Amino acid sequence: MERWVEETLHRGFRVRLKADRVLFDSETEHQRLIIFDNADFGRVMMLDNVVQVSTADEFVYHEMMSHVPLFAHGRAKRALIVGGGDGGVLREALKHPDLEQVTLCEIDQSVIDLCREHFPDVSAGAYDDPRTRIVIADGTKFVAVTNERFDVILVDSTDPIGPGAVLFTKEFYTDCRRCLAPGGLLVTQNGLPFLQAPELKQSIGYFCELFDDAFAYLATTPSYFGGPMSYGWATDDVDLRHLRHDAIERRYADAGAFPTRYWRPDVHVAAFALPTYVRELVEG
Ligand code: SAM
């Protein structure tokens, strides 16, 4: 009997993906997790009925969540990833040779275990990199108590439902700010502006209260159905997002110009060119 899996994130808009083969389907300690194979998107993981990662297009999101902040910052030694249990952002961040340590704070050990088993090419050995440190905890609790300081914090979270809801609060962003080293940068998975505008507007509103520069950039991952995905941007270094193409080119060359499938210096610059309907959300 055919099995179709439905994404139920949005109020009046649902997508169904045919599950040609189901590899896991159960509740973890924190959320409903399903992993299945699909003819168009490859291997797919959903959490609480929302697509998280699919092997056909994960390179878009993971490259843009990592390389834009890391090349914009240019001097990052320590990074924190909140969420990110599939290991894709970790994989891409570790391509930056100057990074000395990447801490990944993931609430759900089962996500890491199952993704290592069923999505080995997504993490691609990143969990075993000597620079990787895994913390199994709620990201809000980690940033509330840590004495560590990070040059870049990447919030690769689920949407503001279930355990991810707390990662869209002013309290969490305030603690992230406390954990940033001087000149540090916070980037957040902030949903699809076309369908989740209030979330982006709220996050950027908090960033405006807490940081000197609050903005967003965009990239379209086809399996995040409903248009481009926004990445929230928050820092006290107002120059970081205005880096010119030639400077990014130089930093990319210095980092070894490793192969990419989506991020490029010109794509990096263009990602900040927001269409009016998104600019209005970001600029208030
Ligand atoms: N790229 C995906 C997206 O854009 O929606 C996110 C992928 S990643 C799998 C999301 C991760 O956030 C999940 O592994 C989930 O367990 C984790 N997560 C959710 N709430 C969390 C919290 N409060 N603290 C730490 N990790 C959390």
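Residues numbered from 1 in each chain as written. Predicted model: local features only at pLDDT ≥ 70, side-chain atom pairs only at ≥ 80, totals over all residues. Heavy atoms only, no water.

## Overview of the sheet that holds strand β4 (residues 32-38)
Pairing between the strands of a sheet comes from backbone hydrogen bonds, and it takes one of two forms, parallel or antiparallel.
Alright, step 1. The 4 strands are arranged β3-β4-β5-β6 in an open sheet whose pairing can be described as antiparallel. Edge positions in the sheet fall to β3 (21-27) and β6 (50-54), since each has one partner strand and no second. Between one strand axis and the next, the sheet turns through 20° on average, direction left out of account.
Alright, step 2. Pairing of β3 with β4 involves 6 bridges; the strand directions are antiparallel. Within the sheet, the bridge partner assigned to D25 lies in β4 and is I34. (Pairing = 2+ DSSP bridges. Helix = DSSP H or I, 4+ residues; strand = E, 2+ residues; numbered from the N terminus. Axes fitted to C-alpha atoms, helices over the stretch in contact; angles between N-to-C directions.)

## Observations regarding the sheet that holds strand β8 (residues 101-106)
Alright, step 1. With mixed pairing, 7 strands are arranged side by side in an open sheet as β9-β8-β7-β10-β11-β13-β12. On the outer flanks of this sheet lie β9 (132-136) and β12 (213-219), each paired with one strand and no other. Across the sheet, the mean angle from the axis of one strand to that of its neighbour is 20°, orientation sign disregarded.
Alright, step 2. Of the strand pairs in this sheet, strand β11 (residues 180-189) and strand β13 (residues 229-235) are connected by 5 bridges, and their pairing is antiparallel. For Q189, the partnering residue across the bridge sits in β13 and is Y231.
Alright, step 3. Of the strands in this sheet, β11, β12 and β13 are in contact with helix α7 (residues 197-210), which crosses β12 at around 145°. (Contact = heavy atoms within 4.5 Å.)

## Observations concerning the packing of α7 against helix α10 (residues 276-283)
Alright, step 1. Relative orientation of the contacting elements α7 and α10 amounts to 40°, with a least axis distance of 8 Å. On the basis of the axis angle, α7 is oblique to α10. When α7 is examined against α10, the residues A197, L200, K201 and I204 are found in contact with a partner set consisting of V278, E280, L281 and V282. (Parallel < 35°, antiparallel > 145°, perpendicular 65-115°, else oblique.)

## Section: the domain arrangement of the protein chain
Alright, step 1. Domains assigned within the protein chain are domain 1 (4-54) and domain 2 (58-283).
Alright, step 2. On a C-alpha basis, the centroid separation for the pair domain 1 and domain 2 is 23 Å.
Alright, step 3. Tallying the contact residues gives 24 residues for domain 1 and 24 residues for domain 2.
Alright, step 4. Of the roughly 2100 Å² buried between domain 1 and domain 2 on both sides combined, carbon and sulfur atoms contribute 71%.
Alright, step 5. By the criterion of area lost to domain 2, the three top residues of domain 1 are H30, Q52 and V53, representing 22% of everything that side buries.
Alright, step 6. Joining domain 1 to domain 2, the criterion identifies 0 salt bridges. (Domains from an automatic or database assignment. Buried area = accessible area lost by both parts, 1.4 Å probe. Salt bridge = Lys/Arg side-chain N within 4 Å of Asp/Glu carboxyl O.)

## Quick look at the state of the cysteines
Alright, step 1. Applying the stated criterion to the full structure yields 0 disulfides.
Alright, step 2. Residue C105 stays outside any disulfide, its sulfur separated by 10 Å from that of C176, the closest cysteine.
Alright, step 3. A relative accessible area of 1% means that C105 is categorised as buried.
Alright, step 4. Its sulfur unpaired, C208 is 16 Å from the next cysteine sulfur, which belongs to C176. (Disulfide = S-S within 2.5 Å. Buried < 20%, exposed > 50% of the residue type's maximum accessible area, 1.4 Å probe, protein only.)

## Side note on the environment of R21
Alright, step 1. Position of R21 among the secondary structure elements: in strand β3.
Alright, step 2. Once residues lying within four places of it in the same chain are set aside, the contact partners of R21 are I35, F36, D37 and R43.

## Quick look at the pattern of salt bridges
Alright, step 1. One pass over the structure, following the stated rule, counts 21 salt bridges.
Alright, step 2. One salt bridge in this structure joins R133 and E148, with 2.6 Å as the shortest N-O distance. Remark: E148 occurs in the loop between α5 (139-145) and β10 (150-156) and R133 occurs in strand β9; sequence separation between them is 15 residues.
Alright, step 3. For E148, a relative accessible area of 19% translates into the label buried.

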